[in-house]
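A structural walkthrough
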Amino acid sequence: MNALIFLLSLAQGQPVEPVEPPRPGAAATVVEARLEAGDVFAVDLYADLDALLLGQSTATPAAQRLAGMESLRAAGRDAETAATERLTELLRRRLRLRFDDAAADLAVEYPERRTTGAGELATLGSFARLRARVPAAAREVTFFASRSFRWIDLRVAIGDRRSRQMLEPGEESAAISLR
């Protein structure tokens, strides 16, 4: 959408006004994407995974989140596993990578996942990693996060090229060249 407005403004000879970044206090979700060896595209989504795991807002007070985590832990390992599987499916539905307009199958990992003791909030860590195999002939990739995420601060590294895009909730990124 932003790119279309930019191009239309240029075509009409009007000054281009950039989309305002999130206002102070309206934090963006940081997403770091990179092309790894073996034609794997990896995306690290930095979010409050425990709040998402519990179905809570990221603005939920820490004491309430702690009570939710304790309840989940008290429900047993099967309940924790089921909640993590639900979160994984939620992320697969609400986040997308497209290679040349074809949706990719995403694998979701929690690299910082650990067992915690009483009183600790983090169980899944501070980020989720999504991976997708890049099709051999793919020329470009786009990233999408549903409106359930705040602004997205998308940071991309492909080889020695770096780029950054600020995406409004529900906006798909501009195409990013893979070559």
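In this text, all values refer to a predicted model and were calculated from it rather than measured experimentally. (Residues numbered from 1 in each chain as written. Predicted model: local features only at pLDDT ≥ 70, side-chain atom pairs only at ≥ 80, totals over all residues. Heavy atoms only, no water.)

**Topic: the environment of Ala-83**
Secondary-structure assignment places Ala-83 in helix H4 (residues 77-94). Ala-83 gets classed as buried once you look at its relative accessible area, which sits at 3%. Residue contacts for Ala-83: discarding those within four places in its chain leaves Leu-53 and Leu-72. (Helix = DSSP H or I, 4+ residues; strand = E, 2+ residues; numbered from the N terminus. Buried < 20%, exposed > 50% of the residue type's maximum accessible area, 1.4 Å probe, protein only. Contact = heavy atoms within 4.5 Å.)

**A few points about the pairing of strand E7 (residues 140-145)**
Most of E7 sits inside the fold, with five of its six residues counted as buried. With five bridges connecting them, strand E3 (residues 95-99) and E7 associate as antiparallel partners. Looking at the pairing, Leu-97 lines up with Phe-143 of E7. Two elements, E7 and strand E10 (residues 176-177), share two bridges in a ladder whose sense is antiparallel. Bridge pairing links Val-141 to Ile-176 in E10. (Pairing = 2+ DSSP bridges.)

**Comments concerning the sheet that holds strand E9 (residues 161-167)**
The sheet built from six strands is open, its strands ordered E5-E6-E2-E1-E8-E9 with mixed pairing. Of all the strands in the sheet, the pair left with one neighbour each is strand E5 (107-109) and E9. For this sheet, the mean inter-axis angle between neighbouring strands, taken without regard to orientation, is 20 degrees. Here E5 pairs with strand E6 (residues 127-133) via three bridges, running antiparallel. When the bridges of E6 are listed, Ala-107 appears paired with Arg-131. Lying over the sheet, H4 contacts strand E2 (40-46), E5 and E6, oriented at roughly 130 degrees with respect to E5. (Axes fitted to C-alpha atoms, helices over the stretch in contact; angles between N-to-C directions.)

**Here we look at the pattern of salt bridges**
A complete count under the given rule lists eleven salt bridges for this structure. Between Arg-164 and Asp-153 there is a salt bridge; the shortest N-O distance is 2.6 Å. In this pair, Arg-164 is assigned in strand E9 and Asp-153 in strand E8 (residues 152-158), connecting sequence segments eleven residues apart. Given a relative accessible area of 5%, Asp-153 falls into the buried group. Within this structure, Arg-34, Glu-36, Asp-44, Glu-109, Arg-129 and Arg-131 form a network of salt bridges that share partners. (Salt bridge = Lys/Arg side-chain N within 4 Å of Asp/Glu carboxyl O.)

**Digging into the packing of aromatic side chains**
Evaluated as defined, the whole model comprises two aromatic pairs. Arranged with centres 6.1 Å apart and planes meeting at 85 degrees, the rings of Phe-41 and Phe-99 form a pair that is edge-to-face. Taken as a pair, Phe-41 in strand E2 and Phe-99 in strand E3 lie far apart in primary sequence, 58 residues in all. Comparing Phe-41 with Phe-99, the two get one shared label, buried. Considering the side-chain rings of Tyr-46 and Phe-127, the 5.1 Å spacing of their centres and the 35 degrees angle between planes classify their relative orientation as tilted. With Tyr-46 in strand E2 and Phe-127 in strand E6, the pair connects residues that are 81 residues apart, well separated along the chain. (Phe/Tyr/Trp six-rings, centres within 6.5 Å; stacked < 30°, edge-to-face > 60°.)

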